[in-house]
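An overview of the molecular structure
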Amino acid sequence: MTGDRKTRNKRGIKPARGKTTEKAFIGLCLAAVVLPLVLLVILIADVVIDSAGRLSLDFLLSYPSRKAEEAGILPGLVGSVYLIVLTAIMALPVGVGAAVYLEEYGRKGWLANLIELNISNLAGVPSIIYGLLGLEVFVRTIGFGRSILAGACTMALLILPIVIMASREALRTVPNSLREGAYALGATHWQVTRQVVLPMAFPGILTGSILAISRAIGEAAPLIVVGALAYIAFLPDSIDSPFTVLPIQIFNWVSRPQEEFLKNAAAGSVVLLLTLLILNSVAIYLRSRLQKRRTW
Amino acid sequence: MLVNASENTVPADQPADGATPDLQAGSKKFDVENLSAWFGEKKVLHGIDMQIQENRVTAIIGPSGCGKSTFIRCLNRMHEMVPGARNEGRILLDGQDIFSESVDPVLLRRRVGMVFQKPNPFVTMSIRDNVLAGLKLTRSLKREMGDEIVERALRRAALWDEVSDRLREPGAGLSGGQQQRLCIARALAVEPDVLLMDEPCSALDPIATAKIEDLVHVLREDYTIVIVTHNMQQAARVSDRTAFLMLGELVEFGDTNELFTSPREKRTEDYITGKFG
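Keep in mind the model is a prediction, meaning the values are calculated, not measured.

Quick look at the overall build of chain B
Helix and strand counts for chain B come out as eleven helices and ten strands. By the burial criterion, 47% of the 277 residues in chain B qualify as buried. When contacts within chain B are restricted to residue pairs at least 6 apart in sequence, long-range pairs at least 24 apart make up 70% of them.

Looking at the interface of chain B and chain A
Contacts between the two partners involve 23 residues from chain B, matched on the other side by 19 residues from chain A. Where the side of chain B that touches chain A is concerned, the elements lending two or more residues are α3 (105-111), β6 (112-115) and α4 (127-138) of chain B. Tallied by class, residues from the side of chain B that touches chain A come to 13 nonpolar, six polar and four charged.

Brief notes about the sheet that holds strand β1 (residues 28-39) of chain B
In space, the four strands of this open sheet follow the order β2-β1-β4-β5 (chain B), with antiparallel pairing throughout. Single-partner strands in this sheet number two, and they are β2 (42-53) and β5 (96-97) of chain B.

Some remarks on the pairing of β2(B)
Residue and element names in this part refer to chain B. Summarising the sheet, β1 and β2 pair through eight bridges and their orientation is antiparallel. Within β2, the position partnered with Leu35 by the bridge is Ile48. Counting the residues that bridge the hairpin from β1 to β2 gives two residues, and of these Gly40 lies at a positive phi of roughly 60°.

Side note on the environment of Glu199(B)
Residues and elements named next belong to chain B. Considering the arrangement of structural elements, one finds Glu199 in the loop between β7 (194-198) and α8 (206-219). What makes Glu199 buried here is the crowd of 21 C-beta atoms within 10 Å. Glu199 sits 28 residues away from Ile227 along the chain, and the two C-alpha atoms are 6.8 Å apart.

Here's the deal with helix α11 (residues 246-254) of chain A
Across the nine residues that make up α11(A), a large majority, seven, are buried. Among the residues of α11(A), those classed as buried are Leu246(A), Pro247(A), Ile248(A), Gln249(A), Ile250(A), Asn252(A) and Trp253(A).

Let's talk about the packing of helix α4 (residues 74-105) of chain A against helix α9 (residues 189-218) of chain A
Two quantities define a packed helix pair, namely the angle between the helix axes and the distance between the axes. Residues and elements named next belong to chain A. Closest axis-to-axis distance for the α4/α9 pair is 10 Å, and the angle between their directions is 140°. As judged from the angle between their axes, α4 and α9 are oblique. Like other packed secondary-structure pairs, α4 and α9 cross with a definite hand, here right-handed. In contact with Ser80, Ile84, Thr87, Ala88, Leu92, Val96, Val100 and Glu104 of α4, α9 contributes Thr193, Val197, Ile205, Ser209, Ile213, Ala216 and Ile217. Residue classes in the contact of α4 with α9 are distributed as ten nonpolar, four polar and one charged.

Points about the environment of Leu277(A)
All names here are of chain A. One can find Leu277 in helix α12 (residues 259-295). The exposed category is assigned to Leu277, around which 11 C-beta atoms lie within 10 Å. In this structure, the C-alpha to C-alpha distance between Leu277 and Ser214, residues 63 residues apart in sequence, is 9.2 Å.

So, the sheet that holds strand β3 (residues 57-61) of chain B
Residue and element names in this part refer to chain B. Taken in spatial order, the six strands make up an open sheet running β6-β7-β8-β3-β9-β10, and their pairing is mixed. In this open sheet, the two strands that pair with only one neighbour each are β6 and β10 (249-255). Recorded for the sheet is a direction-independent mean angle of 15° between the axes of neighbouring strands. Strand direction decides the pairing type here: β6 and β7, joined by four bridges, are parallel. By the bridge assignment for β7, Val112 is matched with Val194. Each of β3, β6, β7, β8 (224-228) and β9 (241-246) touches helix α2 (residues 68-75); the most contacted strand, β8, lies at about 150° to it.

Rules used in this analysis
- Residues numbered from 1 in each chain as written.
- Chains lettered and ligands numbered in written order.
- Predicted model: local features only at pLDDT ≥ 70, side-chain atom pairs only at ≥ 80, totals over all residues.
- Helix = DSSP H or I, 4+ residues; strand = E, 2+ residues; numbered from the N terminus.
- Buried ≥ 20, exposed ≤ 12 C-beta atoms within 10 Å, placed from the backbone.
- Contact = placed C-beta atoms within 7 Å.
- Nonpolar A, V, L, I, M, F, W, Y, C, P; charged D, E, K, R; others polar.
- Pairing = 2+ DSSP bridges.
- Axes fitted to C-alpha atoms, helices over the stretch in contact; angles between N-to-C directions.
- Parallel < 35°, antiparallel > 145°, perpendicular 65-115°, else oblique.
- Left-handed = near helix turned anticlockwise from the far one by under 90°.

Given below as structure tokens:
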């Protein structure tokens, strides 16, 4: 504080010094923006270049093969989509519901604080731990086996804390004055939540959910534990089917000794990145449409 | 200040009920008996007794933190919504205790509407939907009825002429004063008997304030109005009766004219002459 005041006092006398500090700080911040971006661009460019010649419609529509140039990503792609849809169906309603309860209904107190602390801790637990939990609970105890269902359940658990936290954050941004305004009109708790609070929090909830799902798409570790296969020559036809996902397929190709398979891995990475990009674009589009409806 | 206030008190069209308290004309709407209120351990209202008359404007004045807002928030049971808040005593609305088991606070609030300090239109809704919010939130609504209700409520709130051509636009796009009148229209659409106004003009400019005050004058014919204000001139201009609260106690309550020209209590006089507050 005192240091702050000193610089402010000196600024009148020696303008140069404050300016230099400020410029240095801005430069630092700029570097913090540019450096990761450059690295990211290099990384993406490298992957795209490596994938040259392998990325084609055939690649998307083929099954894995021992011959690198014939191998494709189809089971992984379909598996990923299948898994994500199932995960979302399970995690989003539960996560949003939990957030609504904690924010709008649950009493505040030490128990609420304890729950909050634990949820944020759960969000930081390494994903492999969720994999082990999924293996024990879903695969063995409940008996789902090494199926898409077991994988999706595990993934739903993994992203649940993230969905809950993001949704609570969104619900907290709804000003209390709006809740009071609705109560003063003679609305019940449920009517206030459903018609005033949730519509306003919805864009935020959507953004958080998309981030959570994006994370799930990129995860390989917990699914390896749960038993997703690395080599699969058919498409999943039900939620009981064995399956694989993009990250596992990529991981599998990377670990092959043959140089040729690295090209496949790169191409697979591009597919994974594009899937993420499409998913995020859809979310942003949806959100902006909702916001536009709000200001119409 | 004293002279100033008395000049503003009685508009031409208002009966001069300053001389004798006109208790007969307005029957009792609220009968507050020994009302105390707490926020956690902190007691903010100390045994208030007050009778609020029907079709009259009652102003609550007093320094910041004296419990004005808490008092009117007890009248529609909004006070108890705050975590840790509670109250004791009785409030009779048309003879019925609003704290009794048989009274549903949700239904009570449909009879006792409220306008808040800061305009709080629902940002996700259009002007039209804002007006209908109370009805839509609480029961189903026929479409052709809706148009009629919207127009009537907006006309009563003196907002119709300004917004009739853009009812589908968002309520949040209006100016502060318009937003506040929209909130009044929203409250009126539910057709309450009583309208509570918690410093409705504190966030508004003088012109918007004047519009709200004119509106209060018109609305008093159909509604019982309780208005909290920290602006003494406003209390003098709009109200029939004024209550002066200090540190959670009712210091003085009487006809506005009398209270501002010849206060009985020394503390009232000190406050309205600007010695503190």
